[in-house]
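Chain by chain, the residues:
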Amino acid sequence: MALPDKNIRILVVDDAPMIRRILKNLLKEMGFSNIDEAEDGMVALQKLRSQKYDFVITDWNMPNLTGIELVQEIRKDPNLKSLPIMMVTAEAKKENIILALKSGVNNYIVKPFTPENVKAKIEAIFSAKKK
C-alpha cells in the first residue's frame, strides 16, 4: 500500500486548533505540503465549493455544521460527491461509526490516534480509490 501523490490538496476540518495542528504536522511528516484548514463544517463547505481539494479529514463534533452534516453536503454536491473523506473523532460508539459510513465517510479514526493509524487509513482510502 502506498500513500497518494504528495501534491494532493488536503483540507483538515476541526474546531480544535490543536488537533488541526497535530494533523497538519502528521501530514507534513508523511510528505504532504498542500494542506489547508477550516474551523468548522460551514467554513469547510465554503472552501470546498470555491477551490479544488483532493481529500478531506474532518472531525464530527463542531459548531455551525457538524462533520456528519458536512459529509452529507459533500455527497449531495455533484462537484464534490466523489471526494475521499476521513473522519477523525472521539465518537467511538458503533452506531455512530455506522452512521458516518452510511453518510459516505471513506474511513474513520477514533481519537486519540497514532501517526501509524492515520497513515494506514489514508493508504487504505487511496488504495481503494484506485481500484
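What you see is a predicted model, and the numbers here were worked out from it, not measured in a lab.

1. Notes on the sheet that holds strand E5 (residues 107-110)
- Within the open sheet, the 5 strands sit side by side as E2-E1-E3-E4-E5. Their pairing is parallel. The sheet is open, and its two edges are formed by strand E2 (35-38) and E5, each paired on a single side. For this sheet, the mean angle separating the axes of adjacent strands, direction not counted, is 20 degrees.
- In this sheet, E5 lies alongside strand E4 (residues 85-89) in parallel orientation, the contact comprising 4 bridges. Opposite Met-87, over in E5, you have Tyr-108 as the bridge partner.
- Against the sheet, helix H2 (residues 41-50) touches strand E1 (10-13), E2 and strand E3 (55-58), its axis set at about 165 degrees to E1.
- Relative to the sheet, helix H3 (residues 67-76) contacts E1, E3 and E4, its axis offset from that of E4 by approximately 175 degrees.

2. A few points about the UniProt feature "modified residue: 4-aspartylphosphate" (unreviewed entry) in the protein
- Feature annotation in UniProt places "modified residue: 4-aspartylphosphate" (unreviewed entry) on Asp-59, given in this structure's numbering.
- Tracing the chain through its elements places Asp-59 in the loop between E3 and H3.
- Residue contacts for Asp-59: discarding those within four places in its chain leaves Val-13, Asp-14, Asp-15, Gly-67, Met-87, Val-88, Thr-89 and Lys-111.

3. Some remarks on the pattern of salt bridges
- Per the stated rule, a full pass over the model turns up 10 salt bridges.
- For the salt bridge of Asp-54 with Lys-52, the shortest nitrogen-to-oxygen distance reads 2.7 Å.
- Overall, Asp-54 belongs to the partly exposed group, its relative accessible area being 22%.
- Of the residues examined, Lys-52 reaches a relative accessible area of 59% and is grouped as exposed.
- Through salt bridges with shared partners, one network takes in Arg-49, Glu-73, Lys-76 and Asp-77.

Thresholds applied
Residues numbered from 1 in each chain as written. Predicted model: local features only at pLDDT ≥ 70, side-chain atom pairs only at ≥ 80, totals over all residues. Heavy atoms only, no water. Pairing = 2+ DSSP bridges. Helix = DSSP H or I, 4+ residues; strand = E, 2+ residues; numbered from the N terminus. Axes fitted to C-alpha atoms, helices over the stretch in contact; angles between N-to-C directions. Contact = heavy atoms within 4.5 Å. UniProt positions renumbered as here; feature names shortened; annotations may be inferred. Salt bridge = Lys/Arg side-chain N within 4 Å of Asp/Glu carboxyl O. Buried < 20%, exposed > 50% of the residue type's maximum accessible area, 1.4 Å probe, protein only.

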